[in-house]
Amino acid sequence: MASTVLKLATRREAHSAPPAEDPNRHMWFPPGTHITVRGLTKTFDDVVLYQGFDLDIPKSKIVSVFGPNGCGKSTLINMISGIMPYDAGQILFDGKTARETRIGYVFQNYREAVFPWLRAIDNIRYPLQFLKLGKAECDRRVEQLLSSFDVKIDLNRYPYQLSGGQQQLVSIMRALVVDPEVLFLDEPFSALDYEMTLFLRSKLQKVLTEMQVTTVLVSHDLDEAVELADEILLLTKKPTNIAGRLEFNALRPRTAETTITPEFIDVKTRTLEIFQREVRK
Ligand SMILES: Nc1ncnc2c1ncn2[C@@H]1O[C@H](COP(=O)(O)OP(=O)(O)OP(=O)(O)O)[C@@H](O)[C@H]1O
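Residues numbered from 1 in each chain as written. Predicted model: local features only at pLDDT ≥ 70, side-chain atom pairs only at ≥ 80, totals over all residues.

- An unreviewed UniProt entry lists the protein under the name Sulfate/thiosulfate import ATP-binding protein CysA, with Devosia equisanguinis given as the organism.

If you want it as C-alpha cells, here you go:
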C-alpha cells in the first residue's frame, strides 16, 4: 500500500489533482506532503469520532489543530503518532509507518511525562539509548539542544526540584533530542503560568524553525495556535472532519508584536469565524 501511495504521488507531481472518477483519488496527495492520513476511522463506545477521515500534513511546517471541545484533537494526534490504535485507515510518513519514523511527543501533563527518578539531564538523554549512536554524537546532540534553548537551569536536579515550566522544558528537549522527523505537542503550555508560556513558546518556535521538523500542535489558545502556525487546521464537531485550513505566513521569529499585525488579526478573525460556525451547529 505504501508503494501505491508513493507511485500515485510521483505520477501526479504536476500539482494537478487526479480526475474525480479515479477510484484511488483519495490516495493522491500534494507535493511537499509529509504525513498522509487516509480513511481514518475511530469509534469509542459506539460513538463515531472519525469516519473515513483524510488529511495531508506538509513537511517541515507547523500545523496547529484547533476545534470544538471534545472533537477529537488529542485522539487525532495520538492515532497519527502511533500511541492510540484506530479501527481502519492508513497513516504514512513519507511512505513509512509510525514505527519506522522518529517521532517526538510532548504531553500536556509534564508531571506524568518526565521520569521522577532521573535527573533532568538524564531525562533529556533517555531516548538516545534507543538510537545506535556513539557517546560523542549523543553528547553533541545534547549540547546543541541545550545551547539552542539557552538553558539556564541546573540539569543535575531531579524533576521535583524544578518548576512546572522547567519540567516541561525538559520534556520538550527530551522529545527533540532524537532529532525527530515529526513532533507532536498536545497543549504543551496549558498548565503553565503566562510568563513561562510566552518564554517556552518563543524558545520552541526558534528551535523548530532551526530544526525544520514537521510539527503538529494541539492548542486551546487561539492566539497561540495562530502565532506558532504555518497552517491552522480547524476541525468540526464529531463525527469529526476538516472545517477549514488557513495559512499564516508571517516571518519568524514571531513575537508579541506579530499579534498586532493586520495579517495576524485577519487570520485569527477568520479562524474564529469558522470555529464559531462549527460550535453553533
Ligand atoms: N479512551 C477513551 N474512551 C472513550 N472515549 C474517549 C476516549 N478518549 C477520548 N474519548 C472521547 O472521544 C472524544 C474526543 O476526545 P479528545 O480528547 O480527543 O478530544 P479533544 O478535542 O482533544 O478534547 P478537548 O477539547 O477537551 O481537549 C471525546 O468525546 C472523548 O470523551
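So, the sheet that holds strand 7 (residues 214–218)
- Reading across from one edge, 5-6-7-3-8-9 is the order of the six strands in this open sheet, with mixed pairing throughout. Two strands close off the open sheet at either side, each with one partner strand: strand 5 (103–106) and strand 9 (242–247). For this sheet the average axis-to-axis angle between neighbouring strands, irrespective of direction, equals 15 degrees.
- Pairing of strand 5 with strand 6 (residues 182–186), which is carried by four bridges, proceeds in the parallel orientation. Bridged to Ile 103 within strand 6 is Val 182.
- Running over the sheet, helix 6 (residues 164–176) touches strand 5 and strand 6 and is turned about 170 degrees from strand 5. (Pairing = 2+ DSSP bridges. Helix = DSSP H or I, 4+ residues; strand = E, 2+ residues; numbered from the N terminus. Axes fitted to C-alpha atoms, helices over the stretch in contact; angles between N-to-C directions. Contact = placed C-beta atoms within 7 Å.)

Let's talk about the sheet that holds strand 4 (residues 88–93)
- If you trace the three strands from one edge of the open sheet to the other, you get 2-1-4, paired in antiparallel fashion. Lying at the two open borders of the sheet, with one neighbouring strand each, are strand 2 (47–58) and strand 4. Pairwise comparison of adjacent strand axes, ignoring direction, gives a mean angle of 15 degrees for this sheet.
- Taken strand by strand, helix 2 (residues 73–81) contacts strand 1 (33–44), strand 2 and strand 4, and its axis lies near 120 degrees from that of strand 1.

Topic: the nonpolar core
- The biggest cluster of nonpolar side chains holds 55 residues, and the ones touching the most others in it are Val 65, Val 216, Ala 229 and Ile 232.
- Here the element with the most residues in this core is helix 6; it accounts for six residues.
- Residues within four places of Val 216 in sequence aside, it is in contact with Ile 57, Val 63, Val 65, Ile 77, Ile 80 and Phe 184. (Core = buried A, V, L, I, M, F, W, Y, C linked by C-beta atoms within 7 Å. Buried ≥ 20, exposed ≤ 12 C-beta atoms within 10 Å, placed from the backbone.)

Let's talk about the environment of Pro 180
- With respect to the element layout, Pro 180 can be found in the loop between helix 6 and strand 6.
- Exposure remark for Pro 180: the 19 C-beta atoms within 10 Å place this residue in the partly exposed category.
- In sequence terms Pro 180 and Glu 263 are 83 residues apart; their C-alpha atoms lie 31 Å from each other.

Considerations on the UniProt feature "domain: ABC transporter" (unreviewed entry) in the protein
- The sites that UniProt annotates as "domain: ABC transporter" (unreviewed entry) are residues 35–262.
- Summarising residues 35–262: 32% helix, 25% strand, and an end-to-end C-alpha distance of 31 Å. (UniProt positions renumbered as here; feature names shortened; annotations may be inferred.)

Focus: helix 6
- For helix 6, built from 13 residues, the straight-helix expectation of 18 Å at 1.5 Å per residue is met to within 8% by its first-to-last C-alpha distance of 19 Å.
- With eleven of 13 residues buried, helix 6 is to be regarded as a mostly interior element.
- Three or more residues of helix 6 are buried, namely Gln 166, Gln 167, Gln 168, Leu 169, Val 170, Ser 171, Ile 172, Met 173, Arg 174, Ala 175 and Leu 176.
- Residues of helix 6 that are buried make contact with strand 5, helix 3 (110–113), helix 4 (120–125), helix 5 (135–149), strand 6 and helix 7 (194–211). (Expected span 1.5 Å × (residues − 1).)

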